[in-house]
Amino acid sequence: MRLLILIISVFLLLPSCRKGEVPSSPPSNSTEDNNTSGGDIDDERAKEITFTAGLSASIEQYNGSRAPIEGNTLPVGGKVGIWGVYADKEIWSIYPDAYRISISGSQATMTNAEYEIRENNKLYQKYLAQYPTKDSGFNGLVVYGYYPYTENYSYDLNDKCFIKTTLDNLNMANTTDYLYVVRKFYETPSDDNTVATLEFKHALSRIHFNFNKTTTDVVLNKISVVAKSSLDGYLYVEDAKCVAANYNQVSALNMDCNNINLNTDEKVEYDYLLYPDTQIISITCYFNGEVEGKLLPGVSGLTLEAGKFVNININYSPKEAIVDGNLSVWEDSNTNMDFEIDEETGDVTLNQ
């Protein structure tokens, strides 16, 4: 599966190198006073873990809903939750599940630590987080994480860590694009300039609506998707899975389109973010103040996949529909549905 990978670099700096921050006191197991010459881990002071985003804005703006996170960017001011579990490289290679959050715990300053993305592209938290030194019995750590940060996390009956998620059914433009970090082992470095990377991937599924330009004035009022999914769900931090709390519940999920006129040269696009494995029951588009709306045929039974999008192109005029499946961020599910709406008769046709 080709999924978006948002790259965040991790610069390993000494506490004295942080600018604009009040130094925190090192943990009790710090080896800062044991610093001597040489490159061995137990001969060096503990290495502080600080994160840098190294990202630039690349979200394409268009006339429609707030876009899901595109490109390789995370928004400045956004916050990321991070866990760091001390680990041994050899054990990790044989039995990685030995270092789950619920089994091993994590160091105090990296237990759902809140990191903020700043203008200087670095992630900051107010406490000092360090790699383990050799005399601690560990030679690295396993990192888990997610976006956006919440201080509330829980464990299920199987002792798996999760955060609660939700969809905004009144206006899907307000639904959060939840991300998770692919867990990985990071060895304690021998120098202060070692760079590691965190891989962020999309946790939800996506429906992308593209409305083609009309030849006459046509007002788009609302999109409504009826699906088998509850609004509430869970993002499992360690398992990197986002699921609805109830897949038997039927929900009506609406997008307010602000009465936009499709007779415009600007792009008119909208995105729904839904739980993976959600089954679509129906999709209805409301134009020109219609009460009943236009029901799109052929979408019943469509099932969504994590990190993938479905393209739905809608042409409200006797003009050839434009099919564009060349979005570069989310993995294309190869599902393109093109609909023709006849202005005169109001009939809706699915192009095969």
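These numbers were taken from a predicted model, which means no experiment stands behind them.

(A) Structural detail: the overall build of the protein chain. On a plain count of helices and strands, the protein chain comes out with two helices and 23 strands. The burial tally for the protein chain puts 49% of its 352 residues in the buried class. Looking at the protein chain alone, contacts between residues at least 24 apart form 74% of all its contacts between residues at least 6 apart.

(B) Seen up close, the sheet that holds strand β19 (residues 279-287). Strand order in the open sheet made by the four strands is β17-β14-β19-β20, with antiparallel pairing throughout. Pairing within the sheet leaves two strands with one partner each, and these edge strands are β17 (250-261) and β20 (294-295). Relative to β19, strand β14 (residues 219-228) runs antiparallel, the two being bridged by eight bridges. For Ser224, the partnering residue across the bridge sits in β19 and is Thr284.

(C) Examining the confidence of the model for the protein chain more closely. Mean pLDDT over the protein chain stands at 74; residues scoring 70 or higher make up 70%. Here strand β1 (residues 6-13) stands out as the element of the protein chain with the lowest mean pLDDT, 36, in contrast to strand β15 (residues 232-236), whose mean of 97 is the highest. Per-residue pLDDT stays below 50 along residues 50-66; that stretch engages in 66 contacts with residues further than four places along the chain or on separate chains. Contacts from residues 318-329, a stretch scored under 50 in pLDDT, to residues over four places away or in other chains number 29 contacts.

Definitions and limits used
Residues numbered from 1 in each chain as written. Predicted model: local features only at pLDDT ≥ 70, side-chain atom pairs only at ≥ 80, totals over all residues. Heavy atoms only, no water. Helix = DSSP H or I, 4+ residues; strand = E, 2+ residues; numbered from the N terminus. Buried < 20%, exposed > 50% of the residue type's maximum accessible area, 1.4 Å probe, protein only. Contact = heavy atoms within 4.5 Å. Pairing = 2+ DSSP bridges. pLDDT = per-residue confidence, 0-100.

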